[in-house]
Amino acid sequence: MVNTYHKSYFQALFTVKSMTNRVHFHFSLPNCKSYRYLPLLFLFHSTFIQLYSQNRQLDSLSQVIENEKVDTTRIKLNIDKINLLARSDLNAAIALGKDQLIVAEKLNFYKGIVKLRSQLSNNYIFTGNYEEAKAHIHFIEKFIKPKDSIFYAGILATYGMMYGVMGKYDSSIFYLTKTIELNERIHNDIELPGNYTNIAIGYMQLANYPMALQYQQKGLALAQKNGNKAQVARTMLNMAITYQNIGDTLKAIDMYENSIQQAKETNSKIVELYGYSNLATLYVGNKEWGKAYELAMKSVDLAATSGDIGIQAAGLAKAGLSLANQRKFTEAAELSKQSITLAESSRQPMNIAQANNAMATVLFLQQKYKEAIPYFEKNLEILQKASVFEQSFEEANKFLSTCYEKTGNYKRALESYRIGVSISDSMRSIQNIRKATEVSMNYEFQKKQEIQEAEQKLQKEIAQSRQLALLAGLGVLLVLAVTAFIGYKNKQKANVLLKEQKDEVENTLGKLKSTQAQLIQSEKMASLGELTAGIAHEIQNPLNFVNNFSEVSNDLIKELKEEKVKVNRDEKLEDELIADISSNLEKINHHGKRADAIVKGMLQHSRTSSGKKEPTDINGLCDEYVRLAYHGLRAKDKSFTSKFETNLDATLPKVNIVAQDMGRVILNLINNAFYTVNEKYKVESQKTESFEPTVIISTKMTDGKIEIRVADNGNGIPDAIKEKIFQPFFTTKPTGQGTGLGLSLAYDIVTKGHSGSIKVETKDGIGTEFYVVLPV
Amino acid sequence: MKILVVDDEQDVKALFEQRFRKEIKDGRVEFAFAYSGEDALQLLNRWEHEALLILSDINMPGMSGLQLLENVKKRYMKPPPVVMMITAYGDAENYKIAKELGADDFLTKPVDFVALKEKLNLTNG
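Rules behind the numbers
Residues numbered from 1 in each chain as written. Chains lettered and ligands numbered in written order. Predicted model: local features only at pLDDT ≥ 70, side-chain atom pairs only at ≥ 80, totals over all residues. Helix = DSSP H or I, 4+ residues; strand = E, 2+ residues; numbered from the N terminus. Buried ≥ 20, exposed ≤ 12 C-beta atoms within 10 Å, placed from the backbone. Contact = placed C-beta atoms within 7 Å. Nonpolar A, V, L, I, M, F, W, Y, C, P; charged D, E, K, R; others polar. Expected span 1.5 Å × (residues − 1). Arc of directions from axis to C-beta. pLDDT = per-residue confidence, 0-100. Pairing = 2+ DSSP bridges. Axes fitted to C-alpha atoms, helices over the stretch in contact; angles between N-to-C directions. Parallel < 35°, antiparallel > 145°, perpendicular 65-115°, else oblique. Left-handed = near helix turned anticlockwise from the far one by under 90°. Core = buried A, V, L, I, M, F, W, Y, C linked by C-beta atoms within 7 Å. Domains from an automatic or database assignment.

1. A word on the overall build of chain A
For step 1, the next point in the chain: Assigned secondary structure in chain A consists of 26 helices and seven strands.
For step 2, the next point in the chain: Residue burial in chain A is summarised as follows: out of 776 residues, 43% are buried.
For step 3, the next point in the chain: Within chain A, counting contacts between residues at least 6 apart in sequence, those at least 24 apart form 64% of the total.

What follows is the structure, given as structure tokens:
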């Protein structure tokens, strides 16, 4: 009985590491969060061959029991049978145990009662029936004779394990400390390695890594002394996890490799499997993709042969991630797909999350932002449900933020970004606490060593003196108290630092937001600046006509008056004069309105958009802005030159749009077109004279939609940056000349404000065409 | 006297024809209109040997007035015709460049036709 419990306890830990770098506590059944592994996994981990031989053992044992005449011997044999049964059928083991307990109590068979009740409590723990388990332990505690200290230690250990399984680590540690005291006193070297391993798990869960490591080292030394290689392999695996937790990756890698080696020698498939899986996770964290892939695939192969779908899925996800980072996207996508399928069939949420994350990353790295979004969302949804706010959560949020940004959803982008920031904030807190832990750990190790040396000296001088041993024990306690105090102080310091960092991040975020608003305003002002020069020129043309046509009309009227008083009136001339005056008045009116529209346009552009949609003549808008843009650039850059043509569909109906917003879109497209043809012209005119910079603006109706096309024969957009042009702050213009917001605002206005679409067709060196399609 | 007016605004034709109504009627002046720098050059090529005066706007799509000026003064005609540039009010930069390129005179918008006629010695006409 006592032999088996600690094994189950710590093998359960091994199931731990397939998902992330953290130790998950799988052996806590009902209290545990849903994403953790099937807690009973350890019961089935023995290979089929062993099971087969167990069945044979069971059969022959049953036969022996049948033939046994002595009652107490039959009970002893049944105790062995229960041990065998527990490995394959807990309920059968419990049933037989209860049955035999009745017989043993009738016979008042002391040893039988103690062993059967221990077995029962142990098996009840594994089925999650803690009340029954506790009842049996209580009973034994009172029932047991003082001379049976080994048994008593076993009972304490069972308590410790039970509380560990329930997630009550403090209680677990309390009982295991007692167990260890007892077992150390009687030099129970067979049980001690198990005790050490189990208590280390408790400390690990409480993030007390120094204590965990200390017990693991003791356990390792003892397992090595006992020559139990399988135990050595398991202990090393656990130690590697501890090292990984305190960020000592070099030691962790070393431990994993050693553990895997030992596991191979003893054919401990599960240890080997978890070794590969954990090591792969570690390399992923280190971004050593080649090694990560190699180990992940090893874990996949081994998991497949042992039928562990969860780890297989996790391994495939890690392998996919590693390949994607090596830009082998086709294979990476294939592996990630397999991972998702397997993870879903395993029904383990954390595996599903990891698989989705792998697929999302594969797509993300290929800049398939839109496609990556649902996978990231799925991953984050699961992580959030499981409250796993660690590095993977932070990274996924940051990636997701980028995805939203690239697809123009800035609100969501900011949201994800903010979550990511807040997580990295709390991540830092974990790191700070780890740092604090390391500090106290160094201190403790040093002190420990000194005390050990002192202890050894004392033992030599006054051999086996209990009082002094007690003193040394007190010393240890004192050191522990001091260390705990230092650790606490460090944590406090870390917390203060944390608060400062948090404030800083919040402050930065606030600044970021206001900067964003300022940039959008400055983009408006920048294009307004370009406009003003255009307006100054443009307004002079209509004014020229208004002034001159009104003056000349006055002259014409004077002439007409003179003609009227003449005796020989020239009626033909009079008619001509009247017709001219009339047409001049029309022209004055026309140019007056033109000036009015220009001024209004300027005011509208500088004002914040009212967001009100009104029936608008798109042709008029195009015509107005192409002129403004042209003259604006002309005024700014004397060398600027370009032809422009308008090809406007006169049958276009008025469309409900926010005129100043759409005007800004058109202005931006035209400005860009003029800019690029002019850039090309500057280069081409040095070589030949055949290049004629040309910008064409056309509108047409197709399939009930209005299409605005702005085409240029400039340099075109290279493929490399084609994807980026709609991103905010992306600009090819020299620093200070472009805000990089023009096209990104245009994109927002068209897609979000008007449910339209904007696309670009471009050929490097030949030209670019932008299409804005608006629903009528 | 033949005057070529270069401006991308179509209404300049009506304006000039009315402003110089009497002068045109009397045959003292003849107007031609071009609505772009390119058009202007084509016309000038056809009339290579006719003495004329060019009145050109500066801001036009395609070839600008300054480019036209440069072409006229440096490449095409010998002796080059008189070129008068119409600049926007206060546009010192264009004024300077045009001067360097050999512009003979300047007008500012809105065009003062009384002043223009004085310059062309048509005031008493």
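Next comes the rest of the account.
2. Details of the overall build of chain B
For step 1, the next point in the chain: Looking only at helices and strands, one finds six helices and five strands in chain B.
For step 2, the next point in the chain: The order of helices and strands in chain B, counted from the N terminus, is β-α-α-β-α-β-α-β-α-β-α.
For step 3, the next point in the chain: Here chain B holds 125 residues, and 35% of them are scored as buried.
For step 4, the next point in the chain: Across chain B, the fraction of contacts at a sequence separation of at least 24, relative to all contacts at a separation of at least 6, is 63%.

3. Topic: the interface of chain B and chain A
For step 1, the next point in the chain: Facing the 19 residues of chain B at the interface are 21 residues of chain A.
For step 2, the next point in the chain: Mapped onto the side of chain B that touches chain A, the elements with two or more residues apiece are α1 (12-19) and α5 (92-100) of chain B.
For step 3, the next point in the chain: Residues that form the side of chain B that touches chain A fall into these classes: nine nonpolar, five polar and five charged.

4. What to know about helix α19 (residues 391-406) of chain A
All names here are of chain A.
For step 1, the next point in the chain: Here α19 spans 23 Å end to end across 16 residues, near enough to the 22 Å set by a 1.5 Å rise per residue.
For step 2, the next point in the chain: What α19 keeps buried is the set Ser392, Phe393, Ala396, Asn397, Phe399, Leu400, Ser401, Thr402, Cys403, Tyr404 and Lys406.
For step 3, the next point in the chain: Looking one or two residues past α19, Gly408 carries a phi angle of roughly 85°, positive in sign.

5. Brief notes about helix α3 (residues 37-46) of chain B
Residues and elements named next belong to chain B.
For step 1, the next point in the chain: Buried within α3 are the following residues: Gly37, Ala40 and Leu44. Angular distribution of buried residues about the axis of α3 spans 55°; they occupy a single face of the element. Those residues of α3 that are exposed and angled more than 90 degrees off the buried face are Gln42, Asn45 and Arg46.

6. Examining the confidence of the model for chain A
All names here are of chain A.
For step 1, the next point in the chain: With 81% of its residues at a pLDDT of 70 or more, chain A has an overall mean of 78.
For step 2, the next point in the chain: When pLDDT is averaged over each element of chain A, strand β5 (residues 705-712) comes out on top at 94 and helix α1 (residues 2-14) at the bottom at 31.
For step 3, the next point in the chain: Below a pLDDT of 50 lies the segment residues 1-52, which in the model reaches 112 contacts outside its immediate sequence neighbourhood of four places, other chains included.

7. Quick notes on the sheet that holds strand β5 (residues 105-108) of chain B
Strand pairing within a sheet occurs via backbone hydrogen bonds; the two strands may be parallel or antiparallel.
All names here are of chain B.
For step 1, the next point in the chain: Across the sheet, five strands lie side by side as β2-β1-β3-β4-β5; this open sheet has parallel pairing. Each end of this open sheet is capped by a strand with a single partner; those strands are β2 (30-34) and β5. Averaged over all adjacent pairs, the angle separating strand axes in this sheet is 20°, with direction ignored.
For step 2, the next point in the chain: Bridge analysis of strand β1 (residues 2-6) against strand β3 (residues 52-57) gives five bridges, and the strand direction is parallel. Among the inter-strand pairings, Lys2 is bridged to a residue of β3, identified as Leu52.

8. Details of the environment of Ser171(A)
For step 1, the next point in the chain: When you line up the elements, Ser171(A) lands in helix α8 (residues 169-185).
For step 2, the next point in the chain: For Ser171(A) and Gly160(A), which are eleven residues apart along the polypeptide, the C-alpha to C-alpha distance reads 6.9 Å.

9. Some words on the packing of helix α5 (residues 110-127) of chain A against helix α6 (residues 130-143) of chain A
All names here are of chain A.
For step 1, the next point in the chain: Closest axis-to-axis distance for the α5/α6 pair is 8 Å, and the angle between their directions is 155°. If you check the angle between α5 and α6, you find them roughly antiparallel. Once α5 is placed against α6, the crossing between them reads as left-handed. Along the contact surface, α5 presents Ile113, Val114, Arg117, Ser118, Leu120, Ser121, Tyr124 and Ile125, while α6 presents Tyr130, Glu132, Ala133, His136, Ile137, Phe139, Ile140 and Phe143.
For step 2, the next point in the chain: Among the residues forming the contact of α5 with α6, the class breakdown is eleven nonpolar, three polar and two charged.

10. Brief notes about the sheet that holds strand β6 (residues 757-763) of chain A
All names here are of chain A.
For step 1, the next point in the chain: The mixed open sheet is built from five strands, whose spatial order is β2-β4-β5-β7-β6. In the strand order of this sheet, the two ends are held by β2 (643-647) and β6, each with one partner. Within this sheet the neighbouring strands show an average axis-to-axis angle of 15°, counted without direction.
For step 2, the next point in the chain: Note: β2 against strand β4 (residues 694-702), five bridges, orientation parallel. Considered in β4, the bridge of Glu645 is made with Ile696.
For step 3, the next point in the chain: Running at roughly 20° to β5, helix α24 (residues 659-687) makes contact with β4, β5 and β7 (767-775) of the sheet.

11. A few points about unusual backbone geometry
For step 1, the next point in the chain: Going from Lys109(B) to Pro110(B), the amide bond is cis rather than trans, its omega being -10°.
For step 2, the next point in the chain: By the element assignment, Pro110(B) lies in the loop between β5 and α6 (113-119).
For step 3, the next point in the chain: The backbone phi angle of His187(A) is positive, close to 50°, even though this residue is not glycine.
For step 4, the next point in the chain: In this structure, His187(A) sits in the loop between α8 and α9 (192-205).
For step 5, the next point in the chain: The class of His187(A) is exposed, set by 8 C-beta atoms lying within 10 Å.

12. A look at the packing of helix α7 (residues 149-165) of chain A against α9(A)
Residues and elements named next belong to chain A.
For step 1, the next point in the chain: Taken N-terminus to C-terminus, the directions of α7 and α9 make an angle of 30°; their axes are 10 Å apart at the nearest point. Taken as axis vectors, α7 and α9 run roughly parallel relative to one another. By crossing handedness, the relation of α7 to α9 is classed as left-handed. In contact with Ala157, Gly160, Met161 and Gly164 of α7, α9 contributes Asn195, Asn198, Ile201 and Gly202.

13. Description of the nonpolar core
All names here are of chain A.
For step 1, the next point in the chain: Formed by 119 residues in total, the largest nonpolar core has its most connected members in Ala240, Ala372, Phe376 and Cys403.
For step 2, the next point in the chain: There are two domains that each give this core at least three residues, and those are domain 1 (144-286) and domain 2 (287-388).
For step 3, the next point in the chain: The residues contacting Ala372, other than those within four sequence positions of it, are Ala360, Leu363, Phe364 and Cys403.
For step 4, the next point in the chain: Judged by nonpolar contacts, the second largest core, of 42 residues, contains Met662, Ile708, Phe726 and Leu774.

14. Comments concerning the pairing of β4(A)
All names here are of chain A.
For step 1, the next point in the chain: With eight bridges connecting them, β4 and β5 associate as antiparallel partners. Bridge pairing in β5 links Val695 to Asp712.
For step 2, the next point in the chain: As consecutive antiparallel partners, β4 and β5 are separated by two residues, and within that stretch Asp703 has a phi angle of approximately 50°, a positive value.

15. Brief notes about the confidence of the model for chain B
For step 1, the next point in the chain: On average, chain B scores 84 in pLDDT, and the residues at 70 or more come to 90%.
For step 2, the next point in the chain: Our summary of model confidence lists the complex with pTM equal to 0.40 and ipTM equal to 0.86.

16. Concerning the pairing of strand β4 (residues 82-87) of chain B
All names here are of chain B.
For step 1, the next point in the chain: Of all six residues in β4, five are buried, a share of seventy percent or more.
For step 2, the next point in the chain: Across five bridges, β3 lies against β4 in parallel orientation. Counted as the bridge partner of Leu53 is Val82 from β4.
For step 3, the next point in the chain: Of the pairings in the sheet, the one linking β4 to β5 comprises four bridges and is parallel in character. Across the sheet, the residue bridging to Met84 is Asp105, located in β5.

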